[in-house]
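# Structure assessment
Each chain, written out:
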Amino acid sequence: MKKNLVLTGMMGVGKSTIGKSLSERLNKKFIDIDKIIENEENMTIKKIFETKGEKYFRKVEEKISLEYLNKSDFVFALGGGAFTNEVIRSFVLKKCISFWLDLNLASLKERVSDSSKRPLLNQKELGETLSNLYESRKDIYALANYKIDCNNSGKSLIIDKIVKIYETKRN
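So, here is what we can say about the structure in this document. (Residues numbered from 1 in each chain as written. Predicted model: local features only at pLDDT ≥ 70, side-chain atom pairs only at ≥ 80, totals over all residues. Heavy atoms only, no water.)

### What to know about helix α1 (residues 15-26)
- Over its 12 residues, α1 extends 16 Å from the first C-alpha to the last, a length consistent with the 16 Å expected when each residue adds 1.5 Å.
- Turning to α1, its buried residues are Lys 15, Ile 18, Gly 19, Ser 21, Leu 22, Ser 23 and Leu 26.
- Among the structural elements, β1 (4-8), β2 (29-32), β3 (74-77), β4 (96-102) and α7 (155-169) are those in contact with the buried residues of α1.
- Two residues or fewer after α1 comes Asn 27, characterised by a positive phi angle close to 55 degrees. (Helix = DSSP H or I, 4+ residues; strand = E, 2+ residues; numbered from the N terminus. Expected span 1.5 Å × (residues − 1). Buried < 20%, exposed > 50% of the residue type's maximum accessible area, 1.4 Å probe, protein only. Contact = heavy atoms within 4.5 Å.)

This is the structure:
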């Protein structure tokens, strides 16, 4: 059985974009966990945070992530905070091959400058908030099986790097 490929990293790093292309290249199905949550809850993640709170969101995220990660032969994009959940992270590290997509803060800030859809960034000091979030998560992201430096790399080069590693380590 081929292990699932899981992408983790900060919001705005490109997990969904890279994940879709990886799934096509590897002939696998793609699942964006945040999209599944939005569909199942029938509201945006921002709205879930506003109406039900982050604690509720994290419970739903864990339940849905574990449910879908149990499927086989998929490419997954986790939400930016999902890998910080010990239960999700433990499952991913035991059963999947995980990749931390890492990108410098300046590039991340540029990509998430319209932070209206991102509840943890909907604050006045975007740069500081993003920096604090990155600092609090980077050591956890570093627990992923592989780190992919996305700085100065185009989408196709990032995908090539991941495919090369995945193809040699997938069983």
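So much for the structure itself; the text now carries on.
### With respect to unusual backbone geometry
- Despite not being glycine, Asn 27 has its phi angle at roughly 55 degrees, a positive value.
- Along the chain, the position of Asn 27 falls in the loop between α1 and β2.
- A relative accessible area of 69% places Asn 27 in the exposed class.
- In this structure, Asn 152 is a non-glycine residue whose phi angle is positive, near 60 degrees.
- Along the polypeptide, Asn 152 turns up in the loop between β5 (146-149) and α7.

### Examining helix α3 (residues 45-69)
- Between its first and last C-alpha, α3 extends only 20 Å over 25 residues, short of the 36 Å set by a 1.5 Å rise per residue.
- Along α3, the helix axis deviates most sharply at Lys 52, where the bend reaches about 120 degrees.
- What α3 keeps buried is the set Ile 45, Ile 48, Phe 49, Gly 53, Phe 57, Val 60, Glu 61, Ile 64, Ser 65, Tyr 68 and Leu 69.
- Residues of α3 that are buried sit in contact with β1, β2, α2 (33-41), β3, α4 (86-95) and β4. (Bend = angle between axes of the 7 residues up to and from the residue.)

### Description of the packing of α2 against α3
- Remark: α2 packs on α3, axes separated minimally by 9 Å, with the N-to-C direction vectors making an angle of 115 degrees. Viewed along their axes, α2 and α3 form a crossing whose handedness is right-handed. Where α2 abuts α3, its residues Ile 33, Asp 34, Ile 36, Ile 37, Glu 38, Glu 40 and Glu 41 lie against Ile 45, Ile 48, Lys 52, Tyr 56, Phe 57, Val 60, Glu 61, Ile 64, Ser 65 and Tyr 68.
- Residues that form the contact of α2 with α3 fall into these classes: 10 nonpolar, 1 polar and 6 charged. (Axes fitted to C-alpha atoms, helices over the stretch in contact; angles between N-to-C directions. Left-handed = near helix turned anticlockwise from the far one by under 90°. Nonpolar A, V, L, I, M, F, W, Y, C, P; charged D, E, K, R; others polar.)

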